[in-house]
Amino acid sequence: MAQVDKFEVAEGVNFPAEYLPALQEDVIQRLQKSKTFDEVLRPGESPANASAAVLLLNGIITSFKPGSRAKRYIGFGMGKTEIFARLTYSDRATGQALIVEQVQGVLIGGFAG
């Protein structure tokens with residue numbers, strides 16, 4: 001079982017606050033589609049089995065490069081948006097960090113890009 005906690009933004013990073021809920025929902029949906037976990041919880045939700053171990057995922061946006069929507073229409077990787085984050089996977093019951101990793105997300109194109 002996994003729970004995706006609210007993502008935060010590191011001090012000094014100009015990441016639009018309105019993007020955070022969409023980012024969190026995207027992570028939840030990807031975990032659900034992966035079928036890696038029996039259940040994927042949102043913040044504040046409780047597992048169906050109260051005694052089940054829960055892996056808690058926290059994220060902190062450490063860098064954001066908004067890129068250019070106009071350049072993304074051109075293609076070839078131009079104008080890409082980059083998001084860098086530090087993800088921490090912890091035991092929800094104890095708070096002990098099990099895995100910490102740095103990840104990068106990139107939006108490089110597409111009609112809605």
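Structural data are supplied above this passage.
A few points on the structure. The structure presented is a predicted model; accordingly, all values stated were derived computationally and were not measured.

**Quick look at helix α1 (residues 20-34)**
Relative to the 21 Å expected for 15 residues at 1.5 Å per residue, α1 spans 21 Å between its end C-alpha atoms, a close match to the ideal helical length. Residues of α1 that are buried include every one of L20, Q24, V27 and I28, and no others. Projected down its long axis, α1 shows its buried positions confined to an angular sector of 95°, all on one face. Facing away from the buried side of α1, by more than 90 degrees, are the exposed residues A22, R30 and K33. Looking at the packing, one finds that the buried side of α1 touches β1 (2-4), β2 (8-9), β3 (40-41) and β4 (55-65). One or two steps after α1, the chain reaches K35, where phi turns positive at roughly 60°.

**Side note on the nonpolar core**
Generally speaking, soluble globular proteins have nonpolar side chains that are buried together. In terms of nonpolar packing, the biggest core is built from 14 residues, with V4, F7, F15, L57, I61 and L87 touching the most fellow members. Mapped onto this core, the elements with two or more residues apiece are α1, β4 and β5 (81-91). The residues touching F15, leaving out its near neighbours within four places in the chain, are V9, L20, L23, I61, F64 and I83.

How each quantity is defined
Position labels on residues start from 1 in each chain and follow its written sequence. Only residues with pLDDT of 70 or above have their local features reported here, since the model is predicted, and side-chain atom pairs are shown and tallied only from 80 upward, although totals for entire chains, interfaces and linings are computed over all residues. Note that water and hydrogens are dropped before the side-chain values are worked out from all heavy atoms of the structure. Labels follow the DSSP assignment, with helices taken as runs of H or I lasting at least four residues and strands as runs of E lasting at least two, numbered in each case from the N terminus. In a helix, the anticipated span is given by 1.5 Å times the number of residues less one. Accessible area is worked out with a 1.4 Å probe on protein chains only. A residue is then buried under 20% of its type maximum, exposed over 50%, and partly exposed in between. The arc in question is formed by the directions pointing from the helix axis toward the C-beta atoms. Contact criterion: two residues are considered in contact whenever any of their non-hydrogen atoms come within 4.5 Å of each other. Residues grouped as a nonpolar core are buried Ala, Val, Leu, Ile, Met, Phe, Trp, Tyr and Cys residues, joined through side-chain atoms within 4.5 Å.

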